[in-house]
Amino acid sequence: MNSKIAVIMPVYNAGKFLKGSIESVLAQKFKDISLICIDDVSIDDSSKIIEEYSKNDSRVIYLKNDKNSGPSATRNRGLDYVYENMPNVEYITFVDADDKIDENTFEKSYNEAKEHDVDILNYNFIANTYWNYDTKAIGDVIEYDKDCLNAIFDRENFYTFVVCWSKLYKKDLLKDIRFGDYKFFEDGAFAYKTLARAKNIRAIPDIFYIYNIENPNSTCSKLVEKDRIDNIFKVIRDTLEDWDKLGIKENFENKFVDHIFLYISLVCPNILTDENYSEQIESLFEKDIIDRDIKENTKSLIKKMTRQ
């Protein structure tokens, strides 16, 4: 198998959208791809759809979990498969089973990634309203040759850098990186790992990824705010521990505070007045969070949640 790009697609009860998603990958002008579809024990016709495509197109690889494991573990199985079975793959990407990609996606992104020799090539997803946040597309080429985490922290349109899809990852970058066991915000946790280790990133303004927010079976649509913030707090702890081991925690911690509390305000707006989270917030950081060199609007959000 000589594919240059491995596409990992976790699938769970996506039958309504799955054919369109698979076909958008197979219709790419860039043909040197493999599509790894991992069925997470769907109870609809998703498994049958994948099996049919795998019979008719050798580029489609059909895997099925033994038990329902969630998107993180399912993506990890796809990553493990790539490293164990696909030595010629150069780049890895993710496409969710209810989304689509433009037919030019891999032709343009692969050429850009190769020409500029980047660890991550980022392209835009279609602008949409997501939890009352306008995900405006980037308008220019953006490059970081070091400190790639700043791609998230420097920009209001951070969503394009946080999501795990809408990117090509150099295969070597992800060799020792996997998704954490989170029920929410696993994309963010993955981004904090990958960008912390990437030597460089290039973001192009092309809108190639069509993100679907209409799937009622998607994981995030069923989570209440308490579940969301509990998972966000876990991501914060794990991320700071990881950065501490890498020796970069001090460089990015205050920027991270500004970023993560903006995110909390977007996805958990009702939690802002819940004083039950006071001790948890204060325990996440080694010194009084209000005394940090952070933005005033961030301090205001924290004060609401910590009774300060």
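Residues numbered from 1 in each chain as written. Predicted model: local features only at pLDDT ≥ 70, side-chain atom pairs only at ≥ 80, totals over all residues. Heavy atoms only, no water.

Bringing the pattern of salt bridges into the picture now. For the coordinates displayed, the defined rule picks out 18 salt bridges. Across the salt bridge formed by Asp-187 and Arg-75, the nearest N and O atoms sit 3.8 Å from each other. In this pair, Asp-187 is assigned in helix 7 (residues 186-197) and Arg-75 in helix 3 (residues 70-85), connecting sequence segments 112 residues apart. Of the two residues, Asp-187 and Arg-75, both sit in the buried class. Note that Asp-117 and Lys-170 form a salt bridge whose closest N and O atoms lie 2.7 Å from each other. Of this pair, Asp-117 sits in the loop between helix 4 (105-116) and strand 6 (120-125) while Lys-170 sits in strand 10 (residues 167-170), placing them 53 residues apart in sequence. Asp-117 gets classed as partly exposed once you look at its relative accessible area, which sits at 46%. Look at the salt bridges and you will find they share partners, linking Arg-75, Asp-96, Glu-186 and Asp-187 into a network. (Salt bridge = Lys/Arg side-chain N within 4 Å of Asp/Glu carboxyl O. Helix = DSSP H or I, 4+ residues; strand = E, 2+ residues; numbered from the N terminus. Buried < 20%, exposed > 50% of the residue type's maximum accessible area, 1.4 Å probe, protein only.)

Mapped onto the secondary structure, Asn-111 falls in helix 4. Considered as a pair, Asn-111 and Gly-247 are 136 residues apart in the sequence and their alpha carbons are 33 Å apart. Of note is the side chain of Asn-111, whose polar atom sits 2.9 Å from the backbone oxygen of Glu-107. (Polar contact = N/O pair within 3.5 Å; in protein donor to acceptor, adjacent residues only side chain to side chain.)

To continue, consider helix 1 (residues 15-26). The terminal C-alpha atoms of helix 1 lie 17 Å apart, and with twelve residues this matches the ideal 16 Å at 1.5 Å per residue to within 8%. Taken as a whole, helix 1 has its buried residues at Gly-15, Phe-17, Leu-18, Ser-21, Ile-22, Ser-24, Val-25 and Leu-26. Among the structural elements, strand 1 (5-11), strand 2 (33-39), helix 2 (46-56), strand 3 (60-64), strand 5 (100-101) and helix 4 are those in contact with the buried residues of helix 1. (Expected span 1.5 Å × (residues − 1). Contact = heavy atoms within 4.5 Å.)

Here we take up the packing of aromatic side chains. Throughout the structure, instances matching the rule amount to 25 aromatic pairs. Between Tyr-123 and Phe-208, the aromatic rings sit 5.8 Å apart at their centres with planes inclined by 65°, giving edge-to-face as the arrangement. Residue Tyr-123 is found in strand 6, and its partner Phe-208 is found in strand 11 (residues 201-210); the two are separated by 85 residues along the sequence. The same class applies to Tyr-123 and to Phe-208, which are both buried. Each ring, one from Phe-125 and one from Tyr-211, has its centre 6.0 Å from the other, and the planes form 70°; the classification is edge-to-face. (Phe/Tyr/Trp six-rings, centres within 6.5 Å; stacked < 30°, edge-to-face > 60°.)

So, about the packing of helix 1 against helix 2. Where helix 1 contacts helix 2, the two axes come as close as 9 Å, and the packing angle between them is 25°. In terms of axis orientation, helix 1 runs roughly parallel to helix 2. Crossing handedness for the pair helix 1 and helix 2: right-handed. Two secondary-structure elements touch here, helix 1 through Gly-15, Leu-18, Lys-19, Ile-22, Glu-23 and Leu-26 and helix 2 through Ser-46, Ile-49, Ile-50 and Tyr-53. Looking at the contact of helix 1 with helix 2 residue by residue, the class counts come to six nonpolar, two polar and two charged. (Axes fitted to C-alpha atoms, helices over the stretch in contact; angles between N-to-C directions. Parallel < 35°, antiparallel > 145°, perpendicular 65-115°, else oblique. Left-handed = near helix turned anticlockwise from the far one by under 90°. Nonpolar A, V, L, I, M, F, W, Y, C, P; charged D, E, K, R; others polar.)

Let us now look at the nonpolar core. Counting 107 residues, the largest nonpolar core has Met-9, Phe-94, Phe-106, Ile-232 and Phe-261 as the members making the most contacts within it. If one sorts the elements of this core by residue count, helix 9 (residues 249-267) sits on top with nine residues. In contact with Phe-261, not counting residues within four places along its chain, are Ile-281, Phe-285, Ile-289, Thr-298, Leu-301, Ile-302 and Met-305. (Core = buried A, V, L, I, M, F, W, Y, C linked by side-chain atoms within 4.5 Å.)

This part is about a negative patch on the surface. A surface patch of like charges, here negative, comprises Glu-279, Glu-282, Asp-288 and Asp-291. Along the chain, Glu-282 turns up in helix 10 (residues 278-283). (Patch = residues over 30% accessible without salt bridge, like charges linked within 9 Å, V, L, I, M, F, W, Y side chains within 5 Å. Areas by Shrake-Rupley, 256 points an atom, 1.4 Å probe, with all protein chains shown as cover. Lys, Arg positive; Asp, Glu negative; His and termini not counted. Charge placed at Lys NZ, Arg CZ, Asp CG, Glu CD.)

Taken together, the side chains of Ile-126, Ile-207 and Ile-210 present a nonpolar region at the surface, about 230 Å² in accessible area. Looking at the secondary structure, you find Ile-210 in strand 11.

Once that is clear, we can look at the pairing of strand 10. Along strand 10, one buried face is formed by Lys-167 and Tyr-169 and the opposite face, lined by Leu-168 and Lys-170, is buried too. Bridge count between strand 4 (residues 91-94) and strand 10: two bridges; the pairing is antiparallel. Note on strand 10: the bridge partner recorded for Ile-92 is Tyr-169. Of the pairings in the sheet, the one linking strand 6 to strand 10 comprises three bridges and is antiparallel in character. Bridging from a neighbouring strand, Asn-122 pairs with Lys-167 of strand 10. (Pairing = 2+ DSSP bridges.)

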